[in-house]
Amino acid sequence: FVHKLPGPPDEALAEFFVLDGRSHRSDAGILGEDQIRDLQAWLGTPSKARWRFIVSSTMFAEVAGDVGSDNWSLHAKEKRRVLGHIFDAGVEGVVLLTGDADFVAVVDH
């Protein structure tokens, strides 16, 4: 019996950009300028993927404001920059996948 593995699809179903929210953290923000530029470039690069996930280990939604010191709500300026880059890129299918709290929420920004 020889099992044949399927070839890669013609178009990717999803792409992922995983943020490092720990290594570059400062009073100015979570990501640092290099990582923000990389994210902006990734969003501006044409893609045939149906979904583009931006993954963050810290909560992005406003509901996270009261769950401690490790969330995007404490870095509102940088958070607005990230959302602005998503909006300016005009990319459809972008999903912010975040976590690091002991509850579940689905938030539409």
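Residues numbered from 1 in each chain as written. Predicted model: local features only at pLDDT ≥ 70, side-chain atom pairs only at ≥ 80, totals over all residues. Heavy atoms only, no water.

**Details of the overall build of the protein**
- A count of helical and extended segments in the protein gives two helices and three strands.
- Listing the helices and strands of the protein from first to last along the sequence gives β-α-β-α-β.
- Per-residue burial for the protein yields a buried fraction of 29% across its 109 residues.
- Approximately 7600 Å² of the protein is accessible, and the part contributed by carbon and sulfur atoms is 55%. (Helix = DSSP H or I, 4+ residues; strand = E, 2+ residues; numbered from the N terminus. Buried < 20%, exposed > 50% of the residue type's maximum accessible area, 1.4 Å probe, protein only. Areas by Shrake-Rupley, 256 points an atom, 1.4 Å probe, with all protein chains shown as cover.)

**Focus: the pattern of salt bridges**
- If you walk through the whole model with that rule in mind, you get three salt bridges.
- We note a salt bridge from E33 to R81, for which the minimum N-O separation is 2.8 Å. A residue pair is termed long-range when its members are at least 10 positions apart, and E33 in helix α1 (residues 33-44) and R81 in helix α2 (residues 76-89) qualify at 48 residues.
- In this structure, the salt-bridge partner of R37 is D34, at a minimum N-O distance of 2.3 Å. Here the residue R37 and the residue D34 both occupy positions in helix α1, the gap between them amounting to three residues, near one helical turn.
- Residue classification places R37 among the partly exposed positions, given a relative accessible area of 45%. (Salt bridge = Lys/Arg side-chain N within 4 Å of Asp/Glu carboxyl O.)

**Let's talk about α2**
- Compared with an ideal rise of 1.5 Å per residue, which puts 14 residues at 20 Å, α2 spans 20 Å between its outermost C-alpha atoms and is within 8% of the ideal.
- All of the buried residues in α2 are E78, K79, V82, H85 and I86. Projection of α2 onto a plane perpendicular to its axis shows the buried side chains occupying an angular sector of 120°, all on one side. In α2, those exposed residues whose orientation departs by more than 90 degrees from the buried face are K77, R80, F87 and D88.
- Buried residues along α2 sit in contact with α1, β2 (51-56) and β3 (94-98).
- Positive backbone phi, at 65°, marks G90, one or two positions downstream of α2. (Expected span 1.5 Å × (residues − 1). Arc of directions from axis to C-beta. Contact = heavy atoms within 4.5 Å.)

**Focus on the environment of I36**
- Within the secondary structure layout, I36 lies in helix α1.
- Classification of I36 as buried rests on a relative accessible area of 1%.
- For the pair I36 and H85, spaced 49 residues apart in sequence, the C-alpha separation works out to 9.1 Å.
- Among all residues touching I36, those that are not within four sequence positions of it are L31, E78, R81 and H85.

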